[in-house]
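Structure at a glance
Residue strings, one per chain:
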There are 2 protein chains.
Amino acid sequence: MSIKKILELSNEGKTVQLKGWVRFNRSSKKIGFLEIFDGSTLNGIQVVYKAEKLNDEKTFKFLQSLPIFSAIDFTIELVKNNKNNVLEGNLLKINEFALATENNPLQRKTHSHEFLREIAHLRPKTKTFQSIFKIRSLIMFALHSFFNEQGFIYVNSPILTSNDAEGAGETFKVVTNDKKEFFTNSVSLSVSGQLQAESFAQSFTKVYTLAPTFRAENSNTQKHASEFWMLEPEIAFADYNEVMDLSAEMLAYVANYLNLHAKEYIDFLTEQTGVDLGKRISILMDKKIKKIKYEKAIEILKEHKEQFEVQDIEFGLDLSTEHEKFLATFYEDSIVYIYDYPKTIKAFYMKQNDDQKTVRGFDLIIPEIGELIGGSERENDFEKILTATKANNIDMEELSWYLDLRKEGYLKSTGFGLGIERLVMYLTGTKNIRDVLPFPRTPGNILY
Amino acid sequence: MSIKKILELSNEGKTVQLKGWVRFNRSSKKIGFLEIFDGSTLNGIQVVYKAEKLNDEKTFKFLQSLPIFSAIDFTIELVKNNKNNVLEGNLLKINEFALATENNPLQRKTHSHEFLREIAHLRPKTKTFQSIFKIRSLIMFALHSFFNEQGFIYVNSPILTSNDAEGAGETFKVVTNDKKEFFTNSVSLSVSGQLQAESFAQSFTKVYTLAPTFRAENSNTQKHASEFWMLEPEIAFADYNEVMDLSAEMLAYVANYLNLHAKEYIDFLTEQTGVDLGKRISILMDKKIKKIKYEKAIEILKEHKEQFEVQDIEFGLDLSTEHEKFLATFYEDSIVYIYDYPKTIKAFYMKQNDDQKTVRGFDLIIPEIGELIGGSERENDFEKILTATKANNIDMEELSWYLDLRKEGYLKSTGFGLGIERLVMYLTGTKNIRDVLPFPRTPGNILY
């Protein structure tokens, strides 16, 4: 039985079996206290061992010397702590154990995130990473639940692909161990499952992907990793206004789910990071959103241009992170959608507005992070997307199946991509993407 | 509103907006019938158009000529069909449409699975693939739900890795577009997330992965693909008996979920394939399982050896598919777990039994497919796993973090891998793995 279940279901006086790891161990001459965790709750359970009760000097001494992170299997009797009225255990019997070493790298009291990244296989034992990875897991499940409830089909777009959805060329190539082609054509790792998801949306109306994606980008920032998870919903027959609203519904669902299931972790991280995570969650829960046109965003930025490094702000500017961060906090207590971007700075597949200069693309920007979501209505006109493909120097032959979808009953489709790690960073107050990925992959040496 | 919702929520006489694609279109002089689908239900909804009602010869003619798979946005009035009492729609207004072409490759009446694989972007429009991919999606969600309910943490093990969990060497190498190393060491695509999941199980007790995995195996069988999805739960403190039972619980949960949510799809595929899918589901739901030792399996096979191509059946034999298929049906109406395999044929990380010759590994084998699940208790003894690593010629340096876990409070751990596609094949009666993957990747040419 997990510690969570023990604390929920069991009563004072009951005898239970407890399995977990030692987080703290302190003792005086006749009494000792262990904190045991098993990952089911943040704080674990206190176990008291007494020389008198054990009636065995050797066992008491052994317990006193038990290194932290040792694994234990105990039989305990549940009692209420006199002071705080919380359930704790009196040790009755040691069933099994496996010692940790005294030079376990987690021994030292405080650790920098940088140091902990070097021991990614051990860091989930710390309270900080128990919280981050628990919340990451809950976010993933909340997303699956939301889309399932809404009648979406989960589609597994391929990772091995001959298409480069973004046309950016920053792909990893996949070969055999002796660097030969395995397939008969050149194959790379997917940067997006969108194109394939679009074809499924033309059969199922509402679909989504949730899978790893890859970028061979040689940038060493706090926001970029070579491997990250992306959510990509795609909805046929929907326009971009409906889908902006759907994405806000989705974020509200996730925030509400965390509010119900992750309170102790959110509270712990709020204290640790100094970020008001409760406020971030309630803004999402309340769906406090603002939608502004790109043109309006440019106006706002112009009015405050003295604040920016890039001050040459005109229609056509590809907003940089400093601009996005500014706009993200411009409307207090709201998240901000920007839409109708210049077509010159957006992908070839976005639907063109009648004004000839903008496309029905939208981004959701959030404080500290910048872009969380990027989406668009898709160009459904075969001739227009063909022209855009050419203008972007994209190999049409490999994308012919995608363009041809437009000939076979393609009325409308809108979708977006959400970087899972950015959402986890936002909701855990984490600054570096390396700290929300179990085993982060960034340029340099790959361990694990 | 989806067709599913329209049929569930709406009443006769109500006017609703309908969006979807044309599956059938037949008409006589004055009346026509369209079947419209949108992926929310298998059978869609019938829309009736009448020359008389439309009061417009041109529109009636247009509808008569509407190619199947055209996308439509109609306003309809819901009425009950006189004959079968099912809700259908009288066409009131055409809001929007997008035509399909007359030479849409799906036009022809029946298609082989082989042909449909060539048009993987269109085949989900067929009833067969609507059913398969709907069930695939429901299975994935059922798995996430089961593990979430049981308190498991969903872990995203890395896809880019320097470790080869199976030591089989059949990995894909990942390089830059000009075939240079991107990272400072050699990196390949993961064949399993187990090793990293194990480290998380040593922090959270109960974890699972559900992610794509890759094999650069040049085999062209009905069961193998270069890219496939794998579920890998890992449970600290659990032995292999508990985990065999957990996996049976999990399969019962999935079967029950399909029984509740996929009936029309299961019925359709049962008719299509001639496989009694209801029976497969009820065997799993009822948890009809048999556990037999490998030694016992060998005895059974010996007694029936005249049936096999490989007849040299002795302890130490690595069971081939023909043996597994035989054993899978040996106990009527039960699925079969085989455990305690010879250590010579299993992976280095499996826990050794005291008999010196077997390991605590187990497989679940099922009719038609063979192995569905492969799992084991993990070797927790540092010296023993070190010896096994050497005996298997595995690079210890790159795995040192994994071996070192044994030194830091590692009492016990058991996990298994389940190939998602095999489970989907089993529960949809599909013979070829290429037909349960949205865009299958097998040796040869990669489209999409």
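In the block above lies the structure referred to throughout.
The structure contained in this document is the topic of the report that follows.

Parameters and conventions
- Residues numbered from 1 in each chain as written.
- Chains lettered and ligands numbered in written order.
- Predicted model: local features only at pLDDT ≥ 70, side-chain atom pairs only at ≥ 80, totals over all residues.
- Heavy atoms only, no water.
- Helix = DSSP H or I, 4+ residues; strand = E, 2+ residues; numbered from the N terminus.
- Buried < 20%, exposed > 50% of the residue type's maximum accessible area, 1.4 Å probe, protein only.
- Contact = heavy atoms within 4.5 Å.
- Areas by Shrake-Rupley, 256 points an atom, 1.4 Å probe, with all protein chains shown as cover.
- Lys, Arg positive; Asp, Glu negative; His and termini not counted.
- Charge placed at Lys NZ, Arg CZ, Asp CG, Glu CD.
- Arc of directions from axis to C-beta.
- Buried area = accessible area lost by both parts, 1.4 Å probe.
- Salt bridge = Lys/Arg side-chain N within 4 Å of Asp/Glu carboxyl O.
- Pairing = 2+ DSSP bridges.
- Axes fitted to C-alpha atoms, helices over the stretch in contact; angles between N-to-C directions.
- 1 Å grid on protein atoms, 1.4 Å probe; cavity = no way out; pocket = protein on both sides within 12 Å on 5 of 7 lines; lining within 4 Å.
- Points joined across faces, edges and corners; volume = space filled by probe spheres on them.
- Nonpolar A, V, L, I, M, F, W, Y, C, P; charged D, E, K, R; others polar.
- Phe/Tyr/Trp six-rings, centres within 6.5 Å; stacked < 30°, edge-to-face > 60°.
- Least-squares fit on C-alpha atoms with pLDDT ≥ 70 in both.
- Parallel < 35°, antiparallel > 145°, perpendicular 65-115°, else oblique.
- Left-handed = near helix turned anticlockwise from the far one by under 90°.
- Polar contact = N/O pair within 3.5 Å; in protein donor to acceptor, adjacent residues only side chain to side chain.

Moving on to the overall build of chain A. A tally of helices and strands in chain A yields 14 helices and 16 strands. Here chain A holds 448 residues, and 61% of them are scored as buried. Counted over contacts in chain A with a minimum sequence separation of 6, partners at least 24 positions apart contribute 67%. Element-wise, carbon and sulfur atoms account for 46% of the exposed surface of chain A, whose accessible area totals about 17900 Å². Averaging the locations of the 56 positively and 63 negatively charged side chains of chain A gives two centres separated by 7 Å.

As a further point, take helix α8 (residues 263–273) of chain A. Residue and element names in this part refer to chain A. Inspection of α8 places Tyr265, Ile266, Phe268 and Leu269 among the buried residues, and these make up the whole buried set. Relative to the axis of α8, the buried residues are bounded by an arc of 165° and lie together on one face. Considering only its buried residues, α8 is in contact with α5 (127–149), α9 (277–285) and α14 (420–428). Looking one or two residues past α8, glycine 274 carries a phi angle of roughly 75°, positive in sign.

This part covers the interface of chain B and chain A. Between chain B and chain A, the residue contacts involve 103 residues of the former and 103 residues of the latter. Roughly 8500 Å² of surface becomes buried between chain B and chain A when both sides are summed, with 62% attributable to carbon and sulfur atoms. In this assembly, chain B and chain A are joined by 2 salt bridges. Taking the shortest distance from any N to any O, the salt bridge between Glu96(B) and Lys412(A) comes out at 3.7 Å.

Turning next to the sheet that holds strand β2 (residues 31–37) of chain B. Residue and element names in this part refer to chain B. Strands sit in the order β1-β2-β3-β5-β4 around a closed barrel of 5 strands; the barrel is mixed. With direction set aside, neighbouring strand axes in the sheet form an average angle of 55°. For strand β3 (residues 45–50) and strand β5 (residues 87–98), the ladder comprises 2 bridges, and the chain directions are parallel. The partner of valine 47 across the bridge, within β5, is glycine 89. This element, helix α3 (residues 57–64), spans β1 (15–27), β2, β3, β4 (71–80) and β5 of the sheet and lies at about 95° to β5.

Moving on, we get to empty space enclosed by the protein. All names here are of chain A. Across all of its chains, the model carries 9 cavities of 30 Å³ or more by this definition. The volume enclosed by the largest cavity comes to roughly 70 Å³. Looking at the largest cavity, the residues that line it are Asn156, Ser157, Pro158, Ile159, Ser190, Gly193, Thr209, Ala211, Pro212, Thr213, Met230 and Glu232. Of all elements in the fold, only β10 (206–214) and β11 (227–236) reach the threshold of two or more residues within the lining of the largest cavity. At 4 residues, the largest contribution of residues to the lining of the largest cavity is made by β10. Within the lining of the largest cavity, the residues separate by chemical class into 5 nonpolar, 6 polar and 1 charged.

Moving on, we get to the packing of aromatic side chains. Applying the stated criterion across every chain, the model contains 65 aromatic pairs over all chains. Pairing Phe348(A) with Tyr402(A) gives two aromatic rings, centres 6.4 Å apart and planes at 75°, and the pair type is edge-to-face. One end of the pair, Phe348(A), is in the loop between β13 (335–342) and β14 (358–366); the other, Tyr402(A), is in helix α13 (residues 400–404), and 54 residues separate them in sequence. As far as the burial class goes, Phe348(A) and Tyr402(A) line up, both buried. Cluster of aromatic residues (ring-pair linked, three or more members): Phe129(A), Phe133(A), Phe439(A), Tyr448(A), Phe200(B), Phe204(B), Phe348(B), Tyr349(B), Trp401(B) and Tyr402(B).

Residues and elements named next belong to chain B. Across the 8 residues that make up strand β13 (residues 335–342), a large majority, 8, are buried. Where strand β12 (residues 289–293) lies against β13, 5 bridges are found, and the strand directions are parallel. Bridging from a neighbouring strand, lysine 290 pairs with valine 336 of β13. Two strands pair when backbone bridges link them, and β13 and strand β14 (residues 358–366) are joined in this way by 6 bridges, in the antiparallel orientation.

With that settled, the discussion passes to the relation of the copies chain B and chain A. When chain B is fitted onto chain A, the two copies agree to an RMSD of 0.0 Å after a turn of 180° and an axial shift of 0.0 Å. One copy is carried onto the other by what is essentially a two-fold rotation axis. Taking C-alpha positions as reference, the residue of chain B nearest the rotation axis is Val174(B), located at 2.5 Å. Of all interface residues in chain B, 100% are interface residues in chain A too; the two copies therefore contact each other through one and the same surface.

Moving on, we get to the sheet that holds β13(A). Residue and element names in this part refer to chain A. Pairing is mixed across the open sheet formed by 8 strands, whose spatial order is β6-β10-β11-β16-β15-β14-β13-β12. Of all the strands in the sheet, the pair left with one neighbour each is β6 (153–154) and β12 (289–293). Across 5 bridges, β11 lies against strand β16 (residues 413–419) in antiparallel orientation. Looking across to β16, one finds that leucine 231 is bridged to leucine 418. The strands touched by α5 within the sheet are β6, β10 and β11, with β11 carrying the most contacts at an inclination of about 15°.

Within the fold, Asn218(A) resides in the loop between β10 and β11. Aside from chain neighbours lying at most four places away, what touches Asn218(A) is Pro443(A) and Phe182(B).

Moving on, we come to the pattern of salt bridges. Evaluation of the coordinates by the stated rule reveals 45 salt bridges over all chains. For Lys61(B), the salt bridge identified is with Glu57(B), shortest N-O distance 3.2 Å. Note that Lys61(B) and Glu57(B) are positioned in helix α3 at a spacing of 4 residues, about one turn of the helix. The salt bridge involving Arg123(B) is made with Asp435(B); its shortest N-O contact spans 3.3 Å. You can see Arg123(B) sitting in the loop between α4 (113–117) and α5 (127–149) and its partner Asp435(B) sitting in the segment after α14 (420–428), a full 312 residues away along the chain. Asp435(B) carries the same exposure label as Arg123(B), and that label is buried. Within this structure, Glu198(A), Glu234(A), Arg378(A) and Arg406(A) form a network of salt bridges that share partners.

We now examine unusual backbone geometry. Residues and elements named next belong to chain A. Look at asparagine 85: it is not a glycine, yet its phi comes out positive at around 70°. As for its position among the elements, asparagine 85 is in the loop between β4 (71–80) and β5 (87–98). Accessibility expressed as a relative area gives 52% for asparagine 85, which makes it exposed. Positive phi is not limited to glycine here, since aspartate 340 has a value of about 60°. Counting through the fold element by element, aspartate 340 comes out in strand β13. Given the relative accessible area of 9%, aspartate 340 is considered buried.

For the rest of this paragraph, the subject is the packing of helix α7 (residues 240–261) of chain A against α9(A). Residues and elements named next belong to chain A. The interhelical angle for the contact between α7 and α9, taken along N-to-C directions, is 135°, at an axis separation of 7 Å. Judged by the inter-axis angle, α7 sits oblique to α9. Regarding α7 and α9, the two cross each other, and that crossing is left-handed. Seen from α7, the contacting residues are Leu251, Ala252, Ala255, Asn256, Leu258 and Asn259; seen from α9, they are Ile281, Leu284 and Met285. Considering only residue class, the contact of α7 with α9 consists of 7 nonpolar, 2 polar and no charged.

Relative to the elements of secondary structure, Asn104(A) occurs in the loop between β5 and α4 (113–117). Of note is the side chain of Asn104(A), whose polar atom sits 2.7 Å from the backbone nitrogen of Leu106(A). Leave out the neighbours within four places in its chain, and Asn104(A) touches Phe69(A), Leu122(A) and Glu408(B).

Time to look at helix α6 (residues 194–204) of chain B. An α-helical segment advances 3.6 residues per turn. Residues three or four places apart therefore align on the same side. Residue and element names in this part refer to chain B. Counting buried residues in α6 gives 11 out of 11 residues, a clear majority hidden from the surface. All buried positions along α6 are accounted for by Gln194, Leu195, Gln196, Ala197, Glu198, Ser199, Phe200, Ala201, Gln202, Ser203 and Phe204. Of the residues flanking the end of α6, it is threonine 205, one or two places downstream, whose phi is positive at about 70°.

Keep in mind these values describe shape, not function.
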